[in-house]
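Structural characterization, general
Okay, here's what each chain looks like letter by letter:
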Amino acid sequence: MPSFDPSLLTWSKQTSSFTLPLPEPFRYEQNLGYLTRSTNECLFHVDNSDIYKLLLVGDNRVLIAVNSEDNLQLRISVLSSTDTPVTPALLEHVARYVWEWFDLSTDLAPFYALAEHDPLLDQVTQDFYGLRLLGIPDLFEAMSWGIMGQQINLAFAYTLKRRLVETFGTRLDWQGRTYWAFPAPERIAGLAPEALTALQFTGKKAEYLIGVAQMMAEGRLAKEQLLKMNDFAAMEKELLSIRGIGPWTANYVLMRCLRNAAAFPIADVGLHNALKHVLGLDEKPTLPHIRQLAENWKGWEAYATFYLWRVLY
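Here's what I pulled together on the structure shown here. (Residues numbered from 1 in each chain as written. Predicted model: local features only at pLDDT ≥ 70, side-chain atom pairs only at ≥ 80, totals over all residues. Heavy atoms only, no water.)

Right, let's get into the overall build of the protein. Each helix and strand in the protein was counted, giving 15 helices and eight strands. Whereas a compact globule of 313 residues would reach a radius of gyration of roughly 20 Å, the protein reaches 19 Å, a difference of no more than 12%. Within the protein, the fraction of its 313 residues that count as buried is 51%. Considering only contacts in the protein between residues 6 or more positions apart, those separated by 24 or more positions represent 64%. Taken as a whole, the protein presents about 14,200 Å² of accessible surface, with 49% of it coming from carbon and sulfur. Between the centroid of the 28 positive side chains of the protein and the centroid of its 35 negative side chains there is a distance of 5 Å. (Helix = DSSP H or I, 4+ residues; strand = E, 2+ residues; numbered from the N terminus. Rg over C-alpha atoms; globule rule 2.2 N^0.38 Å. Buried < 20%, exposed > 50% of the residue type's maximum accessible area, 1.4 Å probe, protein only. Contact = heavy atoms within 4.5 Å. Areas by Shrake-Rupley, 256 points an atom, 1.4 Å probe, with all protein chains shown as cover. Lys, Arg positive; Asp, Glu negative; His and termini not counted. Charge placed at Lys NZ, Arg CZ, Asp CG, Glu CD.)

Spelled out as structure tokens, the structure:
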């Protein structure tokens, strides 16, 4: 599948919607299943098979709905656009976001070919066939989610995210429901740590989050800068140089935001529990054992991890 091409958009002014072609394999219900794994998600809302999400395009709040009825194309409807009329530039921004969110540039054929001959991945790729590595296109959101998730369970991480978003994020009220967008780094950069510890962040996590926000607000850290490195080791090293970012968080960001298929959060507790379950072990596997299991995954560690996560949630 090619990288995003604006000419792929088919815009209908009559219905305020456009379509994006989908690569094969893609199964919308599998991706929807991943997105609905938590009832405490605050950054999108799923109703039946429609995914509603608030995006910020500059200062403009844009509410969209995403759906697919045939696994051949995604339909994106623009439901509300505040402050600015719907322009081709705005539509292209929305389309690029959705394209990246659903990882539509990645050709999954090599991963599935690899999985066919891997005893751990063969069954999970059949069970979740057509699942894409759902991403977090915004670097600040991805890094924040990584920091929030350090050394706590997933349920409490969602609670921290909701508190942060509903205290400092951007809201839009539409047809009786409130939609939220993640706070901009500029909003968090000026906070004192106490503003976050009041939400039950630890003191260290509050400092880490504010520090990353300040780096981004001042232009010392940007997604484009990282991607220009075009080298896994260089990007990982740059992320690891940031206070509060260890190997797990760096690889999580590389996986979910920077879209490096070789990213491998090997210390991830969810991965350990999934491997324990799939292998039928009494104890979680050791790191040397996991490295041995992952020998066959070279270049696709991120997708292998993502599919194994789906075994549990």
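Anyway, onward from the coordinates.
Right, let's talk about empty space enclosed by the protein for a bit. This structure, assessed with the given rule, holds one cavity of 30 Å³ or more. Looking at the largest cavity, its volume works out to about 190 Å³. Lining the largest cavity are 18 residues, and of these F44, I136, E141, K161 and R256 lie nearest its centre. Taken together, the elements giving at least two residues each to the lining of the largest cavity come down to α1 (28-35), α2 (88-101), α5 (139-148) and α6 (154-168). Along the lines of polarity and charge, the residues of the lining of the largest cavity split into 11 nonpolar, one polar and six charged. (1 Å grid on protein atoms, 1.4 Å probe; cavity = no way out; pocket = protein on both sides within 12 Å on 5 of 7 lines; lining within 4 Å. Points joined across faces, edges and corners; volume = space filled by probe spheres on them. Nonpolar A, V, L, I, M, F, W, Y, C, P; charged D, E, K, R; others polar.)

With respect to the helices and strands, T305 occurs in helix α15 (residues 301-312). Ignoring anything within four residues of it in the chain, the contact list for T305 reads M255, F264, P265 and L271.

Another point: the pairing of strand β5 (residues 60-67). For β5, the buried fraction is high: seven of the eight residues fall into the buried class. Across seven bridges, the pairing between strand β4 (residues 50-57) and β5 is antiparallel. Bridging from a neighbouring strand, L54 pairs with L63 of β5. With antiparallel pairing between neighbouring strands as the criterion, β4 and β5 make up a hairpin whose turn holds two residues, including G58 at a positive phi of roughly 65 degrees. Here six bridges tie β5 to strand β6 (residues 73-81), and the two strands are oriented antiparallel to one another. In the strand pairing of β6, N67 is matched with R75. Between the antiparallel neighbours β5 and β6 lie five residues, among them N71 with a positive phi of about 60 degrees. (Pairing = 2+ DSSP bridges.)

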